[in-house]
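# Reading the structure
Chain residues, written in single-letter form:
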Amino acid sequence: APQMTALAEWAADHRAMVIPPAVYRQAAIVLCDDLAAIVAARKDPILVKMCDQMLGDGGKPVATVFRGGRPRTDRYNAAVANGAAGPWSELDEGSLRVSCHAGIYALPALLAEAEAEGLSCRETLRCLVVAYEVVTRLALAFSQPTLVLHPHASLSAVGAAAAVAAARRYDGGRFLDTLTLAATLVSPGPFDHAVRGSFARNMWTAAGSWAGLKAADWALCGISGLPESPRNVFHEVLGCECRPERLVDDLGEDWLIEHNFQKIYPCCQYSHSTVEAITGLIADLPRDVELKNCQEVIVEIHEKGQLLDERHPTTTLGARFSIPHI
């Protein structure tokens, strides 16, 4: 609890916070990269139906759904639609430190809030940096020994909440209320659902975007979690490790947004080494050797890659998480 309070106080202290130019530049890369990932999914037929549903049920049109044509709706439906699109093509960025894709947890809600309230580009980037720091540190403090939970489900509500709290310039107490409440709104989504091709996995960031926005709203009404809620939820209920010192270690010095990656291939990060190996292998094959004559392929892969074992994926998502398919 003391470390969580300290993190919230730091995140809220926008006047004293000094963000280096290099960190702002990296935040701009994350914003552009994840926005491109959102736009890239715009023609998927399932996503089109979902976005049509959100647009047809919208309120005051203050925020854009990034699907072409710049349709606008209320900030909550826009955050849900863009939140679903973010991971759809498996092109969103992620952290090299821990299993966490903070950009798509923060940006759908942040972009909706920023557009609705007229935030500047620089202020939007500041909020992204803060939210990225908060949610990635939470992932480090409550990491999983093995990938049972998908981070899109267990972290997206907190990332969205942190982004909106930063955008609204909540003080430390209200920032903490927002984070502790959001921690109780996370989803226990199984990692296996991505491998088996369930599109429910893409909706975890959508639901988290909505929940984070509402947590920030409800905090204004005096609704919060408890200071120990993150520990209760992530450690005691979900079984994650508990290293609370990681919430504040080198805070404001070691910027976690500088330790991220952008994807080249539209598939799970754990399969990229395989894609690169296959690409290199094909390029180096002698001209008289044809792959159609190959009887067997033996693939050696790291431990996390062994989770991607679906031999006959039935959806595009399952294909993106299938080493045999790749």
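Residues numbered from 1 in each chain as written. Predicted model: local features only at pLDDT ≥ 70, side-chain atom pairs only at ≥ 80, totals over all residues. Heavy atoms only, no water.

A packed helix pair is summarised by two numbers, namely the angle formed by the two axes and the spacing between the axes. Running from N to C, helix H5 (residues 102-117) and helix H10 (residues 200-219) point in directions that differ by 55°, and their axes come no closer than 9 Å. Between H5 and H10, the angle falls in the class oblique. As for how H5 packs across H10, the hand of that crossing is right-handed. For the pair H5 and H10, contact is made by Ile104, Tyr105, Pro108, Ala109 and Glu113 and by Thr205, Ser209 and Leu213, respectively. (Axes fitted to C-alpha atoms, helices over the stretch in contact; angles between N-to-C directions. Helix = DSSP H or I, 4+ residues; strand = E, 2+ residues; numbered from the N terminus. Parallel < 35°, antiparallel > 145°, perpendicular 65-115°, else oblique. Left-handed = near helix turned anticlockwise from the far one by under 90°. Contact = heavy atoms within 4.5 Å.)

The end-to-end C-alpha separation of H5 is 22 Å, in line with the 22 Å expected for 16 residues at 1.5 Å each. Taking the largest bend as the criterion, H5 deviates by roughly 25°, centred on Pro108. Burial analysis of H5 places 13 of its 16 residues in the buried class, the great majority of the element. Of the residues trailing H5, Gly118 is marked for its positive phi of about 70°. (Expected span 1.5 Å × (residues − 1). Bend = angle between axes of the 7 residues up to and from the residue. Buried < 20%, exposed > 50% of the residue type's maximum accessible area, 1.4 Å probe, protein only.)

Here the focus is the packing of helix H4 (residues 75-85) against H10. Running from N to C, H4 and H10 point in directions that differ by 150°, and their axes come no closer than 7 Å. For the element pair H4 / H10, the angle class is roughly antiparallel. Here the hand of the crossing between H4 and H10 comes out right-handed. Contacts between H4 and H10 involve Arg75, Tyr76, Ala79, Val80, Gly83 and Ala84 from the former and Asn202, Met203, Thr205, Ala206, Ser209, Trp210, Leu213, Lys214 and Asp217 from the latter. Tallied by class, residues from the contact of H4 with H10 come to eight nonpolar, four polar and three charged. (Nonpolar A, V, L, I, M, F, W, Y, C, P; charged D, E, K, R; others polar.)

Turning to the nonpolar core, a few remarks are in order. Formed by 97 residues in total, the largest nonpolar core has its most connected members in Leu128, Phe175 and Phe234. Tallying contributions element by element places helix H6 (residues 121-141) first for this core, with 13 residues. Apart from the residues within four sequence positions on either side, Phe234 is in contact with Leu138, Phe142, Ser154, Leu155, Val158, Ala183, Val186, Gly239 and Cys240. (Core = buried A, V, L, I, M, F, W, Y, C linked by side-chain atoms within 4.5 Å.)

What follows is about the side chain of Gln26. Summarising the element assignment, Gln26 is placed in helix H2 (residues 21-40). Other than its neighbours up to four places away in sequence, Gln26 contacts Ile257, Glu258, Asn260 and Gln262.

We now examine the packing of aromatic side chains. In this structure the tally under the stated criterion is five aromatic pairs. Ring geometry for Phe191 against Phe321: centres 6.2 Å apart, planes inclined by 75°, an arrangement best described as edge-to-face. Here Phe191 is found in the loop between helix H8 (172-183) and helix H9 (192-195), whereas its partner Phe321 is found in the segment after helix H13 (316-320), with 130 residues between them in sequence. Each member of the pair, Phe191 together with Phe321, is buried. Geometry around Tyr24 places Arg122 over its ring, the cationic atom sitting 4.0 Å from the centre. The lysine or arginine in question, Lys214, covers the ring of Tyr76, its NZ or CZ lying 4.6 Å from the ring centre. (Phe/Tyr/Trp six-rings, centres within 6.5 Å; stacked < 30°, edge-to-face > 60°. Lys NZ or Arg CZ within 6 Å of the ring centre and 35° of its normal.)

The next thing to look at is H8. With twelve residues, H8 ought to run about 16 Å at 1.5 Å a step, and its terminal C-alpha atoms sit 16 Å apart, in line with that. Most of H8 is tucked away: nine of the twelve residues are buried. Listed in full, the buried residues belonging to H8 are Gly172, Phe175, Leu176, Thr178, Leu179, Thr180, Leu181, Ala182 and Ala183.

As a further point, take the state of the cysteines. Here the structure, examined in full by the defined rule, presents zero disulfides. In this structure Cys127 is a free cysteine whose sulfur lies 11 Å from that of Cys121, the closest cysteine sulfur available. (Disulfide = S-S within 2.5 Å.)

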